[in-house]
Amino acid sequence: MIPAIGTWGLVFLVALIGATAIIVAVDHKLPRQLIIAFARMALQLLILAAILGWLLDRSDPITTGLALVAIALLGGLETAYRVDSLYELPVILRSVAILLAAGAVVALPSVLIVVSPEPWHDVRLVVPIFGMAVGSSIAGTALAVTTLHRMLQDGRTAIEAQLALGRRFTDATRHIARQAITAGMLPVVTATAATGMVTIPGMMSGQIIAGAAPAEAIRYQFLIMTLIAAVTAVSIRANIALELRRWTDHRARFRARRRPQ
Amino acid sequence: MPAHHWRARVRYCAAEPAWWAQHVGDHFPEQPDGRALDALGLNPSLLGRPVAQTSTGERQRLALLRALQPMPDVFLLDEPTSALDPDTAARVERWVSSVVGAARCALVVTHDCALADRLNAPIVSLEALAA
């Protein structure tokens, strides 16, 4: 077991936050923002701990399954929210559905195959790993769809010129879709390539602090990076394909969408 | 009929053609031969050049050449000679007439009454219609 952080330890941490706020008091707003951020984090972590504790107590497959659905739901909402304020119902539903599908088809079976937890719905394994994979796909997906939007807006005449020559909409936008997918995946690729350099990855640090052997912890890091890449790839491909359909109609014309403010 | 089949047969040529690739030649599924280029007064070296290094008149004529791939039944030409000097415009007019020939048809929109007369085709004057 790792040594617990006691009340005096927490008091010390709060004092350290206060001191940090004073150090950055070069701007009258910054200390306040810092303290509010920590207060927010504390509240969120308390709620998270309560929920995870409850899930661990119950430890039945249906409750755990609902928790995974809730993670995908929040992840989908966040993805839609981040795409240039394109907060429309179809986009929200789509993002949620894609994350649910990616989680159910890719992340969950992978955890079961690779780790084979006992019981198979072990909250300790399934929930955090699922959460990390889904959560990490948000930024990449939002970046890919945002890139797609920008390039479609800028490339309207070029796309219409190709349509006029009898090309299908998917062919006329293939180049743009390719660049959007690349833009969304690149951060995952660079993060993977940098894993283990300079810093010890967050999850691995946690495992080592909790007493795991480094040789075991790196296998989990391998698992999580693979799941992040896989879920992000599925999410980006599906979102880009479905988003493209929103920019055309049954007569294969280019339909501009309102530029987000 | 799917839209892309329709557009393969009815070709709209915008007054200001747009380009989606860097080089001129990338816009042609089949590279046009020297004779086809010469008929429009275009230098074959244009195909290897970046689109940004071509003139407005060159791009207007290149877009007409591009419009033949695939060969449509009907041309919708919006101001096809607007950026051209009189000699080149005459060349383009002859080219349009020969491409359209007897088998195809073209609908040309222009502000140039002389061009309309020279094409020797039925003219619909919007001014007359409005009056």
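Just so it is clear, the structure is predicted and the values come from calculations on it, not from any experiment.

Visitor: Can you help me understand the overall build of chain B in this one?
Guide: Check the secondary structure of chain B and you find six helices and three strands. For 131 residues, the compact-globule formula gives about 14 Å, and the C-alpha radius of gyration of chain B, at 15 Å, lands near that figure. Referenced to the eigenvectors of the C-alpha coordinate spread, the extents of chain B come out at roughly 50 × 40 × 25 Å. Expressed as a percentage of the 131 residues in chain B, the buried residues total 38%. Partitioning the contacts of chain B with sequence separation of at least 6, the portion at a separation of at least 24 is 70%. Just so you have it, chain B exposes about 7,600 Å², and 55% of that area is on carbon and sulfur atoms. Considering chain B, the positive charge centre built from 12 side chains and the negative charge centre built from 15 side chains are found 6 Å apart.

Visitor: Got a minute to help me understand unusual backbone geometry in this structure?
Guide: A negative phi holds for most residues other than glycine; trans holds for most peptide bonds. A cis geometry characterises the amide bond from A:Glu118 onward to A:Pro119, with omega recorded as -5°. Mapped onto the elements, A:Pro119 comes out in the loop between helix H4 (89-115) and helix H5 (123-154). Note that the residue after B:Gln69, namely B:Pro70, is joined by a cis bond; omega there is -5°. For B:Pro70, the position within the fold is in the loop between helix H3 (56-66) and strand E2 (74-78). If you check the backbone angles, A:Ser116 has positive phi at about 40° while not being a glycine. Assignment of secondary structure puts A:Ser116 in the loop between H4 and H5. Backbone geometry at B:Glu79 places phi at a positive 50°, although glycine is not the residue there.

Visitor: Teacher, can you tell me more about the pattern of salt bridges here?
Guide: Side-chain pairing between opposite charges can occur once the charged atoms of the two side chains come close. All names here are of chain A. Per the counting criterion, the structure on display carries eleven salt bridges over all chains. Measuring nitrogen to oxygen at the nearest pair gives 3.2 Å for the salt bridge that ties Glu243 to Arg246. Residue Asp249 is joined to Arg255 by a salt bridge in which the shortest nitrogen-to-oxygen separation is 3.6 Å. Residue Asp249 is classed as partly exposed on the basis of its relative accessible area of 21%. Relative accessible area serves as the criterion here: at 40%, Arg255 is assigned to the partly exposed category.

Visitor: Mind showing me how you'd approach the interface of chain B and chain A here?
Guide: Often, the extent of an interface is quoted as the loss of accessible area upon association of its parts. Counting from both sides, the interface comprises 13 residues of chain B and, opposite them, 13 residues of chain A. When the two sides are added together, the surface that chain B and chain A hide from each other amounts to roughly 1,100 Å², 61% of it contributed by carbon and sulfur. For the chain B face of the interface with chain A, the top three residues by lost area are B:His4, B:Arg7 and B:Trp20, together amounting to 58%. Here chain B is connected to chain A by zero salt bridges. Viewed at the interface, chain A and chain B are joined by four residue pairs in polar contact (both at pLDDT 80 or more).

Visitor: Sorry if this is basic, but what is going on with the packing of helix H3 (residues 61-82) of chain A against H4(A) here?
Guide: When two helices pack together, you describe them by how their axes are tilted relative to each other and by the distance separating the axes. Residues and elements named next belong to chain A. Orientation of H3 relative to H4, taken along the N-to-C sense of each, is 135°, at an axis distance of 8 Å. Here H3 lies oblique to H4, going by the angle between them. Seen along the crossing, H3 lies across H4 with a hand that is right-handed. Touching Leu68, Val69, Ala72, Leu73, Gly75, Gly76, Leu77, Thr79 and Ala80 of H3 are Val91, Ile92, Ser95, Val96, Leu99, Leu100 and Leu108, all from H4. Along the lines of polarity and charge, the residues of the contact of H3 with H4 split into twelve nonpolar, four polar and no charged.

Visitor: Honestly, the packing of H5(A) against helix H8 (residues 174-194) of chain A in this entry has me stumped. Any pointers?
Guide: Residues and elements named next belong to chain A. Packing of H5 against H8 brings their axes to within 8 Å, and their N-to-C directions diverge by 150°. One finds that H5 runs roughly antiparallel with respect to H8. In the crossing of H5 with H8, the sense of the turn from one axis to the other is right-handed. Residues Gly140, Leu143, Ala144, Thr147, Leu148, Met151 and Leu152 of H5 touch H8, and the partners they reach there are Ile176, Ala177, Gln179, Ala180, Ala183, Gly184 and Pro187. Looking at side-chain class alone, the contact of H5 with H8 contains ten nonpolar, four polar and no charged residues.

Visitor: Help me understand the side chain of A:Thr248, please; the structure alone is not making it clear to me.
Guide: Residue and element names in this part refer to chain A. Mapped onto the fold, Thr248 is located in the segment after helix H10 (214-245). Polar contacts involving the side chain of Thr248 include one to the main-chain carbonyl oxygen of Arg253, which spans 2.8 Å. Ignoring sequence-local partners within four residues, the contact set of Thr248 consists of Phe169, Arg253 and Arg255.

Visitor: How should I be thinking about the environment of A:Leu165 in this particular structure?
Guide: With respect to the element layout, A:Leu165 can be found in the loop between helix H6 (156-164) and helix H7 (169-172). Setting aside chain neighbours within four positions, we find A:Leu165 in contact with B:Arg7, B:Arg11, B:Trp20, B:Arg66, B:Ala67, B:Gln69 and B:Pro70.

Visitor: Would you take a moment to explain the pairing of E2(B) for this structure?
Guide: Residues in a regular strand point their side chains to alternate faces of the sheet. All names here are of chain B. Here E2 shows a buried face lined by Phe75 and Leu77 and an unburied face lined by Val74, Leu76 and Asp78. Taken together, the four bridges between strand E1 (residues 10-13) and E2 define a ladder with parallel strand orientation. For Tyr12, the partnering residue across the bridge sits in E2 and is Leu76. When E2 meets strand E3 (residues 105-109), the two strands line up parallel, connected through five bridges. When the bridges of E3 are listed, Leu76 appears paired with Leu107. On the question of chirality, the crossover connecting E2 to the parallel E3 by way of helix H4 (residues 86-100) is right-handed.

Rules and cut-offs
Residues numbered from 1 in each chain as written. Chains lettered and ligands numbered in written order. Predicted model: local features only at pLDDT ≥ 70, side-chain atom pairs only at ≥ 80, totals over all residues. Heavy atoms only, no water. Helix = DSSP H or I, 4+ residues; strand = E, 2+ residues; numbered from the N terminus. Rg over C-alpha atoms; globule rule 2.2 N^0.38 Å. Buried < 20%, exposed > 50% of the residue type's maximum accessible area, 1.4 Å probe, protein only. Contact = heavy atoms within 4.5 Å. Areas by Shrake-Rupley, 256 points an atom, 1.4 Å probe, with all protein chains shown as cover. Lys, Arg positive; Asp, Glu negative; His and termini not counted. Charge placed at Lys NZ, Arg CZ, Asp CG, Glu CD. Salt bridge = Lys/Arg side-chain N within 4 Å of Asp/Glu carboxyl O. Buried area = accessible area lost by both parts, 1.4 Å probe. Polar contact = N/O pair within 3.5 Å; in protein donor to acceptor, adjacent residues only side chain to side chain. Axes fitted to C-alpha atoms, helices over the stretch in contact; angles between N-to-C directions. Parallel < 35°, antiparallel > 145°, perpendicular 65-115°, else oblique. Left-handed = near helix turned anticlockwise from the far one by under 90°. Nonpolar A, V, L, I, M, F, W, Y, C, P; charged D, E, K, R; others polar. Pairing = 2+ DSSP bridges. Right-handed = clockwise from strand over helix to strand, strands pointing away.

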